[in-house]
Amino acid sequence: MENKAFQGDDGAELKERKGHEGVGGGAGVRGRGAGLPGAEGQAEDKSPGLEGGKPTPNDVVNLERRVGLLSGVALIVGTMIGSGIFVSPKGLLERTGSVALSLIVWGACGILSLLGALCYVELGCMIPSSGAEHTYFLTAFGHLPAFLFAWVSIIILKPAMLAIICLSFSKYLVEAFTSECEPPIMAIQLLGALTIVLITFINSYSVNLATRVQNIFTAAKLLAILIIVVGGMVKLAQGNTAHLAKGFEGSTKSFGDVATAFYSGLWAYDGWNNLNYVTEELKKPYTNLPRAIIIGLPLVTVCYLLVNVSYLAVMSIDELLASETVAVFFGNQLMGKAGEVVMIIAVAMSTFGAANGSCFTSARLCFVAAREGHMVDVLSYVHNRKLTPSPALLFNAAIALIMVIPSDIGSLIDFFSFTAWIFYGGAMTALIVMRFTMPDAPRPYKVPIVIPVLVLLISIYLVVGPIIDSPQIEYLYATLFIVAGLFFYFPFVYLKKSLPGMGHLTTFFQLLLEVVPTDVMPDA
């Protein structure tokens, strides 16, 4: 199938192209991550362009390498420290039953995230293409597992993450104006929806603007963390240690409760793999990918442990469990009304930055999946001047807006964590498999094999434990949705069928959004 050229505003006529068909029709694009055979794939990616900078005048239209080390750290830290630390302490403490066990789970979640991230360093340096798990599944297992990951992540997981963060943002902000009564659900939903729209506009307008916003809001949230930690340390120095002294009193003995407590903690840590979604836009990826992870993960872990200790230095366990907005209550207890306002602003800035980072990386997954023919072809297009994946950004935002309607943050977190750890375990399996199937592939960084094995076993526990101990309808929905992907894979990806009229629809969106395929080259 052939796509006609798109005439851009600058008058550059873009050449016709041929490609395999994507889901639902339109000409597809074969991406860098497709079927990398190891050494050959690496040889192709070790071109001068790998080390960053703008493409040369004869390069194809594609995303540029504009994410440096600072922006990489900000993307990891800024996405991880979002709503989780301000929402999850309640759920985690409730499920573990004791102060000491909850702190152990917080620390264990940090260690587990770091181990998983180290495995992703090996994967990202061996296969330096964007898309993270999608690219790794495609290389290790083929198209079906990669499609199923893209299907669940693009349709459910990534939009759910954006919706959760934006709902948390709006909940905290609305509370500033409704302190005497329960915040109206409609106001929370409306503000959450407007936040999604604003963040999508920022990311569609400019990659540089999106990274600047990420850097600024990451610095702001680290300042907010510092305020909480200093306040807590002052209270501890004054002798407020009664709540921490309770130790393991009341600890749960339930296998499933500990697993679901990990869900709450790991939701707060989620984002440790986000840099792997934008590897193609990362300057000097072999250097900056491991450095950003080694800097970001320990920093977040220390922040989380200190924040939880600070909470318990100011609030009782009952007060923490009764509060839906823990950080705001903390500010009120510490500094009165002024502290409450400061915390509302700080949490709002923190969650906004996390939402921006989530939007940035989610669109890259959608972009890469479409480039491989696993989503409709227009989602692999980029704006002809701004070089942003605007169709993928708009698609992610549209689904997130739908998910804002239920506004049940707790159920969304359980659904997200259960499904995400199925795929994290799959990534560990891919790393282990490629150690045997691609033994000669260049690996600038190589983790001991025991690490991916350990993370795989823990991921199995996190998936199976809650199902055995306390089955929930969300787990069934997640499983059924994964299986439902098969009904789309075989006709549209495996058999390459297309729906009638998809070619015209692709052309319509191409003209409307001023986007072009990523394998076309402007005439000189």
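Placed above this text is the structure.
As the structure is a prediction and not an experimental result, all values here were calculated from the model.

What counts, and at which threshold
Residues numbered from 1 in each chain as written. Predicted model: local features only at pLDDT ≥ 70, side-chain atom pairs only at ≥ 80, totals over all residues. Heavy atoms only, no water. Helix = DSSP H or I, 4+ residues; strand = E, 2+ residues; numbered from the N terminus. Buried < 20%, exposed > 50% of the residue type's maximum accessible area, 1.4 Å probe, protein only. Contact = heavy atoms within 4.5 Å. Areas by Shrake-Rupley, 256 points an atom, 1.4 Å probe, with all protein chains shown as cover. Phe/Tyr/Trp six-rings, centres within 6.5 Å; stacked < 30°, edge-to-face > 60°. Expected span 1.5 Å × (residues − 1). Core = buried A, V, L, I, M, F, W, Y, C linked by side-chain atoms within 4.5 Å. Salt bridge = Lys/Arg side-chain N within 4 Å of Asp/Glu carboxyl O. Axes fitted to C-alpha atoms, helices over the stretch in contact; angles between N-to-C directions. Parallel < 35°, antiparallel > 145°, perpendicular 65-115°, else oblique. Nonpolar A, V, L, I, M, F, W, Y, C, P; charged D, E, K, R; others polar.

Participant: Would you explain the overall build of the chain in this entry?
Facilitator: A tally of helices and strands in the chain yields 18 helices and four strands. Sorting the 524 residues of the chain into buried and exposed places 60% on the buried side. For the chain, long-range pairs separated by at least 24 residues make up 82% of all intrachain contacts whose partners lie at least 6 apart in sequence. Approximately 19800 Å² of the chain is accessible, and the part contributed by carbon and sulfur atoms is 68%.

Participant: Can you help me understand the packing of aromatic side chains in this one?
Facilitator: What describes a pair of aromatic rings is the distance from one ring centre to the other and the angle between the planes of the rings. Across all of its chains, the model carries 24 aromatic pairs by this definition. Measuring from centroid to centroid gives 5.7 Å for Phe 137 and Phe 149, while their planes differ by 80 degrees, and the two rings are edge-to-face. Residue Phe 137 is located in helix 5 (residues 133–140), and its partner Phe 149 is located in helix 6 (residues 143–175); the two are separated by twelve residues in the primary sequence. Like Phe 149, Phe 137 is buried. Seen from their ring centres, Trp 151 and Phe 481 are 4.9 Å apart, and the 10 degrees between their planes marks the pair as stacked. One end of the pair, Trp 151, is in helix 6; the other, Phe 481, is in helix 16 (residues 473–484), and 330 residues separate them in sequence.

Participant: Would you mind going over helix 13 (residues 390–403) with me for this structure?
Facilitator: With 14 residues, helix 13 should reach 20 Å at 1.5 Å per residue; the first-to-last C-alpha distance of 20 Å fits that figure. Those residues of helix 13 that sit buried are Ser 390, Pro 391, Ala 392, Leu 393, Asn 396, Ala 397, Ile 399, Ala 400 and Met 403.

Participant: When you look at the environment of Leu 394 in this model, what are you seeing that I'm missing?
Facilitator: One can find Leu 394 in helix 13. Leu 394 sits 197 residues away from Val 197 along the chain, and the two C-alpha atoms are 8.9 Å apart. With near-sequence residues (within four places) excluded, Leu 394 lies in contact with Thr 200 and Leu 513.

Participant: Can you help me understand the environment of Gly 271 in this one?
Facilitator: Within the fold, Gly 271 resides in the loop between helix 9 (255–269) and helix 10 (285–314). Accessibility expressed as a relative area gives 0% for Gly 271, which makes it buried. In sequence terms Gly 271 and Gly 78 are 193 residues apart; their C-alpha atoms lie 8.6 Å from each other. When sequence neighbours within four positions are dropped, the list of residues in contact with Gly 271 reads Ile 76, Thr 79 and Met 80.

Participant: Teacher, can you tell me more about the nonpolar core here?
Facilitator: Considering soluble globular proteins, one finds that nonpolar side chains tend to be buried as a cluster. Counting residues in hydrophobic clusters, the biggest one holds 148 residues, and the most contacted among them are Tyr 304 and Trp 421. For this core, the element with the highest residue contribution is helix 6, accounting for 22 residues.

Participant: How do you make sense of the pattern of salt bridges when you look at a structure like this?
Facilitator: Once the charged atoms of two side chains with opposite charge are near each other, the side chains can pair. Evaluation of the coordinates by the stated rule reveals five salt bridges. Among the salt bridges present, the one from Glu 281 reaches Arg 364, with a minimum N-O distance of 2.7 Å. Highlighted residues: Glu 281 in the loop between helix 9 and helix 10 and Arg 364 in helix 12 (residues 326–371), separated in sequence by 83 residues. Each member of the pair, Glu 281 as well as Arg 364, carries the same accessibility label: buried. Ionic pairing is found between Arg 385 and Glu 514, a salt bridge with its closest N-O pair at 2.8 Å. Pair noted here: Arg 385 is in the loop between strand 3 (382–383) and helix 13 and Glu 514 is in the loop between helix 18 (502–513) and strand 4 (515–516), with a separation of 129 residues, a long-range link. Salt bridges here are not isolated pairs; linked through shared partners, they connect Glu 122, Arg 435 and Arg 443.

Participant: Explanation requested: the packing of helix 7 (residues 185–205) against helix 8 (residues 207–237) in the structure shown.
Facilitator: Helix-helix packing: each pair is described by the crossing angle between the helix axes and the interaxial distance. Close contact between helix 7 and helix 8 brings their axes to 5 Å; oriented N to C, the two are set at 125 degrees. Classified by the interaxial angle, the pair formed by helix 7 and helix 8 is oblique. The segment helix 7 lies against helix 8, with Ile 202, Asn 203 and Tyr 205 engaging Leu 209, Ala 210 and Val 213. Residue composition of the contact of helix 7 with helix 8, grouped by class: five nonpolar, one polar and no charged.

Participant: Please explain unusual backbone geometry as it appears in this structure.
Facilitator: Where the residue is not glycine, phi is negative for most of them; where a peptide bond is considered, it is trans in most cases. With a phi close to 55 degrees, Leu 387 is a non-glycine residue in the positive phi region. With respect to the helices and strands, the residue Leu 387 is situated in the loop between strand 3 and helix 13. Phi at Lys 496 is positive, roughly 60 degrees, even though this residue is not glycine. Residue placement: Lys 496 occurs in the loop between helix 17 (486–494) and helix 18.

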